[in-house]
Amino acid sequence: MTVSSSLPEVSASPSDAELVERVRRGDREAYAPLIVRYRLRFGRYAFQLLGNESDAEEALQDAFFRAYRSIDRCREPDRFGAWLFRILVNCCRTAAVRRGRDAAREAPLDSADLIGLAHPKESAISQEEIQQALAELVPEQREAFLLKHVEELSYEEMIELTGVGESALKMRVKRACARLRQLLGDRHDA
């Protein structure tokens, strides 16, 4: 028995564009799947950048609220995630400035994310050492490093999110890696 090809294909979940259009037409409940879709990944980014759960949660909630409130300004509904991420990056920057400090980071970052930063003899880098080293980076370098090496974004995506030119982003990533190598090496040489 063969299945007729005239049957409509059922999608497992609606696309971002479909959900955005439903929200624009007044279906508030259509926003919930977008939150579920992006909460974990974007929450992890905010946590890594801001260093504590409450600041990260506040920035994430602010980003979701701002995106909902201004969803009509999302020019490319099929790229809602990228648009929301830009909003989140700005919310994190605002939270960091408002907080007015650059405290030691407590967010777990697997040392595998930093492969190539430490010398081979320094393979036993603790989470605490990684977080302390990240905390010592200037915010622009930390942001560029996390976007490139933790979120694994391309430079094109990073440019779109941050509004910073490619050469400046590459320099920030390069300097962040050099500084992290230095910091992690200093800790192990001591």
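Coordinates for the structure precede this section.
Bear in mind the structure is a predicted one, so any value in this text is a computation, not a measurement.

Undergrad: A description of the overall build of the chain should follow, citing residues and the corresponding values.
TA: Across its full length, the chain carries eight helices and zero strands. Helices and strands in the chain line up, N terminus first, as α-α-α-α-α-α-α-α. Expressed as a percentage of the 190 residues in the chain, the buried residues total 41%. Contacts in the chain between residues at least 24 apart in sequence constitute 68% of all its contacts with a sequence separation of at least 6.

Undergrad: Kindly report on the packing of helix H3 (residues 53-69) against helix H4 (residues 80-99), identifying the contributing residues and their values.
TA: To describe two helices that pack against each other, one gives the angle between their axes and the distance between the axes. Running from N to C, H3 and H4 cross one another at 135°; their axes reach a closest spacing of 8 Å. Between H3 and H4, the angle is such that the two are oblique. You can see that H3 and H4 cross each other, and the crossing is right-handed. Facing Asp 55, Glu 58, Ala 59, Leu 60, Asp 62, Ala 63, Phe 64, Arg 66 and Ala 67 of H3, the residues of H4 in contact are Phe 80, Trp 83, Leu 84, Ile 87, Leu 88, Cys 91, Cys 92, Arg 98 and Arg 99.

Undergrad: Give a detailed account of the pattern of salt bridges, specifying residues and quantitative values.
TA: Two side chains of opposite charge can pair, provided their charged atoms sit close to one another. In the structure shown here, the tally under the stated rule is 14 salt bridges. Residues Asp 62 and Arg 66 are paired through a salt bridge, measuring 3.1 Å at the closest nitrogen-oxygen approach. In this pair, Asp 62 and Arg 66 both sit in helix H3, four residues apart, roughly one turn of the helix. In this structure Asp 62 comes out as partly exposed when scored by relative accessible area, which is 26%. The class of Arg 66 is partly exposed, set by a relative accessible area of 33%. Close ionic contact of Glu 136 with Arg 179 constitutes a salt bridge, the shortest N to O distance being 3.8 Å. Residue Glu 136 is found in the loop between helix H5 (127-135) and helix H6 (139-150), and its partner Arg 179 is found in helix H8 (residues 166-189); the two are separated by 43 residues along the sequence.

Undergrad: So, the side chain of Gln 141: which residues are in play, and what are the values?
TA: For Gln 141, the location among the structural elements is in helix H6. Residue classification places Gln 141 among the buried positions, given a relative accessible area of 16%.

Undergrad: Lay out the packing of aromatic side chains with the relevant residues and their values.
TA: Tallied over the full model, the rule gives seven aromatic pairs. Residue placement shows Lys 170 over the ring face of Tyr 155; its charged tip is 5.5 Å from the ring centre.

Undergrad: Give a description of the state of the cysteines that names residues and reports values.
TA: One pass over the structure, following the stated rule, counts zero disulfides. The thiol of Cys 91 is unpaired, and the distance to the nearest cysteine sulfur, on Cys 92, comes to 7.1 Å. Owing to a relative accessible area of 3%, Cys 91 belongs among the buried residues under this scheme.

Undergrad: Which residues make up the nonpolar core, and what values do they have?
TA: The biggest cluster of nonpolar side chains holds 52 residues, and the ones touching the most others in it are Tyr 31, Tyr 45, Phe 80, Leu 84, Phe 85, Leu 88 and Met 158. At the level of elements, helix H1 (16-24), helix H2 (31-50), H3, H4, H5, H6, helix H7 (155-162) and H8 are the ones that each hand at least two residues to this core. Here this core gets ten residues from one element, more than from any other, and that element is H4. If we skip the residues at most four places from it in the chain, Met 158 touches Ala 144, Leu 147, Lys 148, Leu 153, Gly 163, Leu 169 and Val 173.

Rules behind the numbers
- Residues numbered from 1 in each chain as written.
- Predicted model: local features only at pLDDT ≥ 70, side-chain atom pairs only at ≥ 80, totals over all residues.
- Heavy atoms only, no water.
- Helix = DSSP H or I, 4+ residues; strand = E, 2+ residues; numbered from the N terminus.
- Buried < 20%, exposed > 50% of the residue type's maximum accessible area, 1.4 Å probe, protein only.
- Contact = heavy atoms within 4.5 Å.
- Axes fitted to C-alpha atoms, helices over the stretch in contact; angles between N-to-C directions.
- Parallel < 35°, antiparallel > 145°, perpendicular 65-115°, else oblique.
- Left-handed = near helix turned anticlockwise from the far one by under 90°.
- Salt bridge = Lys/Arg side-chain N within 4 Å of Asp/Glu carboxyl O.
- Phe/Tyr/Trp six-rings, centres within 6.5 Å; stacked < 30°, edge-to-face > 60°.
- Lys NZ or Arg CZ within 6 Å of the ring centre and 35° of its normal.
- Disulfide = S-S within 2.5 Å.
- Core = buried A, V, L, I, M, F, W, Y, C linked by side-chain atoms within 4.5 Å.

Nothing here speaks to function; it is geometry throughout.
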